[in-house]
Amino acid sequence: MHISLKRLAAAAVIGLAFVPGIAQAESYSALTKQGYTTGKLARGKSGAWGWVVGNGERKFFCRLNVASAYVNKKEMVSFTASGRMLKIDRATYDGALGGPDPNKPYLKDLQAGRVKPADVGGCSPLR
C-alpha cells in the first residue's frame, strides 16, 4: 500500500491539532483584534523579553521581536539572544546607518506595552 507523503503529513497535522495539551501559538495582531490587552515589558520564564497579553480568561506571552530600541537622543539599548539589555551610543549607531531609523521603537513605549505588531514575535499560551 502506497501512501503519499503529502497525505501522511496532512494527517499528522490534523491529528496533532486535536491532541490536548499541545499549545497553539497565536499572532499578536490576531490577539489584539480579539480585544486582548498588552501588559508591560517583562521577562518570561525562559528569561526572554516580551509581554503578557490577556483578555481576563486567557493569557499569552508574546516575545520581543526587536534587536534594539532608542532610549533618548544620546542612548539606545540592544537586546541580546540571552536576554541581556546592553547600552549603545546612539550617535555611533545612527552615524553608521546614515541617520535615525524612523521604524525603531523607543524603550519607554516597549516598556509600557505600546507596541506595533512588527515589534512582537510569536505568542504562546501561559499556564
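Analysis parameters
Residues numbered from 1 in each chain as written. Predicted model: local features only at pLDDT ≥ 70, side-chain atom pairs only at ≥ 80, totals over all residues. Heavy atoms only, no water. Helix = DSSP H or I, 4+ residues; strand = E, 2+ residues; numbered from the N terminus. Buried < 20%, exposed > 50% of the residue type's maximum accessible area, 1.4 Å probe, protein only. Contact = heavy atoms within 4.5 Å. Areas by Shrake-Rupley, 256 points an atom, 1.4 Å probe, with all protein chains shown as cover. Disulfide = S-S within 2.5 Å. Salt bridge = Lys/Arg side-chain N within 4 Å of Asp/Glu carboxyl O.

We now examine the overall build of the protein. The number of helices and strands found in the protein is four helices and eight strands. Counting over 127 residues, the protein shows a buried share of 29%. In the protein, 47% of the contacts between residues at least 6 apart in sequence involve partners at least 24 apart. Accessible surface, the protein as shown: approximately 8700 Å² in total, 58% of it carbon and sulfur.

As a further point, take the state of the cysteines. Chemically, a disulfide is nothing more than a covalent bond linking the sulfur atoms of two cysteines. The final tally for this structure, using the stated rule, is one disulfide. One disulfide bridge connects cysteine 62 with cysteine 123, the sulfur atoms lying 2.0 Å from each other. Looking down the S-S bond of the cysteine 62 and cysteine 123 bridge, the torsion is 115 degrees, so its handedness is right-handed. Within this pair, whereas cysteine 62 is found in strand S4 (residues 59-64), its partner cysteine 123 is found in strand S8 (residues 120-125), the two being separated by 61 residues in sequence. Overall, cysteine 123 belongs to the buried group, its relative accessible area being 0%.

Below, the discussion takes up the pattern of salt bridges. Applying the stated criterion to the full structure yields two salt bridges. For aspartate 94, the salt bridge is made with arginine 90, and the minimal N-O distance between the two is 3.0 Å. Taken as a pair, aspartate 94 and arginine 90 lie in helix H3 (residues 90-97) at a separation of four residues, close to a single helical turn. Here aspartate 94 matches arginine 90 in class, with each residue buried. For aspartate 109, the salt bridge identified is with arginine 114, shortest N-O distance 2.8 Å.

As far as function goes, none of this settles anything; it's purely spatial.
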